[in-house]
Amino acid sequence: MESIAASIKGDGAKASAKLAVKEDAEAAQAVAKVIDINAKVADAARLSKEDLGNKKVVDETVLGLRKTSLFDENVAPQEVKSDRPAPGAAPKFERAYVNAPPMIPHSVEGLLPITQANNQCLGCHMPDVAKSVGATPIPPSHFTNYRPTTVYKNGELVKEGKKVGIAKGDMGNVGDIKLAKVKKLNHLYQGRYNCSQCHAPQANVKTAVGNTFKSDGLTDEFKSHSNLVDMMDDGVK
């Protein structure tokens, strides 16, 4: 992974994924561990301490997120550490819930912003490369177009072969189009191209409050894998 990290953290030059496949396959397998970054947030002792319902008297300093007097204007922001390891050197993070977009465990220095001409995420996360370098592969749902086929024909807006009323001066009623015809692609669907739209880098910072959220069905398998492509129409048909 050093060869990839050096290229990414340089002057923006693109990393060579094929070279990484040969050089770093063994190192990549060594960092396959998945960790729960929310473990301390849901700590029972912390939740009990922060539960205002358990207190007979509630002081004003615990009412807000900044945990100090409302009359104190000299409140410094919490220090944030975002010095994450280079790509390939960081353990993966558990998903927060079933089919949640996995968060980015590594540094994004030199990787952002993603532009039309440059998306370095694809160098490691395309399915034909990901396994060899220990990266999470882009799932099948990202190679699928779920949007309805839309055309403008004879002055009418037509979705999935159905006129939806643009001639009346509006965008039409599409409420009865329950599920568009799924179109599987042999390339990445461009609606999924902007990775950082859903996947975000993480920082080492203590959260302002605890979190009691627990996901149903988050088995060990789904902590690191997705079946979204099989569940996309769940509850629609």
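Residues numbered from 1 in each chain as written. Predicted model: local features only at pLDDT ≥ 70, side-chain atom pairs only at ≥ 80, totals over all residues. Heavy atoms only, no water.

Novice: Even after reading the chapter, I still don't get the overall build of the protein, so can you show me in this structure?
Specialist: Counting its regular elements, the protein contains six helices and seven strands. Along the protein, helices and strands appear, N-terminal first, in the series α-α-β-α-β-α-α-β-β-β-β-β-α. Counting over 237 residues, the protein shows a buried share of 25%. In the protein, 62% of the contacts between residues at least 6 apart in sequence involve partners at least 24 apart. Just so you have it, the protein exposes about 16,200 Å², and 54% of that area is on carbon and sulfur atoms. (Helix = DSSP H or I, 4+ residues; strand = E, 2+ residues; numbered from the N terminus. Buried < 20%, exposed > 50% of the residue type's maximum accessible area, 1.4 Å probe, protein only. Contact = heavy atoms within 4.5 Å. Areas by Shrake-Rupley, 256 points an atom, 1.4 Å probe, with all protein chains shown as cover.)

Novice: Help me out: how do you make sense of the nonpolar core in this one?
Specialist: A general trend in soluble globular proteins is that nonpolar side chains are found buried together. Grouped together as the largest cluster of nonpolar side chains are seven residues: I114, C121, I138, F143, L188, Y193 and C195. In this view, I114 contacts N119, C121, Y193, N194, C195 and S196; residues no more than four positions away in its chain are not counted. Residues C124, V129, A130 and A135 belong to the second largest nonpolar core, which totals five residues. (Core = buried A, V, L, I, M, F, W, Y, C linked by side-chain atoms within 4.5 Å.)

Novice: For this particular structure, what's the right way to read the state of the cysteines?
Specialist: Where two cysteines share a covalent bond between their sulfur atoms, that bond is called a disulfide. Per the stated rule, a full pass over the model turns up zero disulfides. With no disulfide partner, C195 has as its closest neighbouring cysteine sulfur the one in C121, 4.0 Å distant. On the basis of relative accessible area, C195 is assigned to the buried category, the value being 17%. Not part of a disulfide, C198 finds its nearest cysteine sulfur in C195, a span of 9.3 Å. Taking relative accessible area as the criterion, C198 reaches 43% and is therefore assigned partly exposed. (Disulfide = S-S within 2.5 Å.)

Novice: I'm lost on the side chain of N227 in this one. Help?
Specialist: Here N227 shows up in the loop between β7 (183–184) and α6 (228–231). Of the polar contacts made by the side chain of N227, one reaches the side chain of N99; its length is 2.9 Å. Those residues in contact with N227 that sit more than four places away from it in its chain are V98, N99 and F222. (Polar contact = N/O pair within 3.5 Å; in protein donor to acceptor, adjacent residues only side chain to side chain.)

Novice: Please clarify how the pairing of strand β5 (residues 156–159) should be interpreted in this entry.
Specialist: In summary, the side chains of a regular strand alternate between the two faces of the sheet. Residue alternation in β5 divides its side chains into two sets, E156 and V158 and L157 and K159, and both sets are buried. Two elements, strand β4 (residues 150–153) and β5, share four bridges in a ladder whose sense is antiparallel. When the bridges of β5 are listed, K153 appears paired with E156. In sequence, β4 turns back onto β5 through a hairpin of two residues, with N154 there showing a positive phi of about 50°. Where β5 and strand β6 (residues 162–163) come together, two bridges link them in antiparallel fashion. Note that in β6 the partner of K159 across the bridge is K162. (Pairing = 2+ DSSP bridges.)

Novice: Which parts of the structure should I look at to understand the sheet that holds β4?
Specialist: Either a parallel or an antiparallel arrangement is found when strands of a sheet pair, and the pairing is made through backbone hydrogen bonds. Taken together, the three strands give an open sheet; going across it, the order is β4-β5-β6, and neighbouring strands pair in antiparallel fashion. Both edges of this open sheet fall to β4 and β6, since each of them pairs with a single strand only.

Novice: What is the right way to read a nonpolar patch on the surface from this model?
Specialist: A contiguous nonpolar surface patch, about 240 Å² in accessible area, is contributed by L52, V58 and L63. Assignment of secondary structure puts L52 in the loop between α3 (44–50) and β2 (92–93). Taking relative accessible area as the criterion, L52 reaches 31% and is therefore assigned partly exposed. (Patch = residues over 30% accessible without salt bridge, like charges linked within 9 Å, V, L, I, M, F, W, Y side chains within 5 Å. Salt bridge = Lys/Arg side-chain N within 4 Å of Asp/Glu carboxyl O.)

Novice: Please explain a positive patch on the surface as it appears in this structure.
Specialist: A grouping of K49, K55, K67 and K206 is seen on the molecular surface, where their side chains present a positively charged patch. Mapped onto the fold, K206 is located in the loop between β7 and α6. By relative accessible area, K206 is classed as exposed at 59%. (Lys, Arg positive; Asp, Glu negative; His and termini not counted. Charge placed at Lys NZ, Arg CZ, Asp CG, Glu CD.)

Novice: Just to check I follow, could you spell out the pattern of salt bridges for this structure?
Specialist: Pairing is possible between side chains of opposite charge, provided their charged atoms come close. Per the counting criterion, the structure on display carries three salt bridges. For R46, the salt bridge identified is with E50, shortest N-O distance 2.8 Å. Of this pair, R46 and E50 are both found in helix α3, four residues apart, which corresponds to roughly one turn of the helix. Judged by relative accessible area, which is 27%, E50 ranks as partly exposed.

Nothing here speaks to function; it is geometry throughout.
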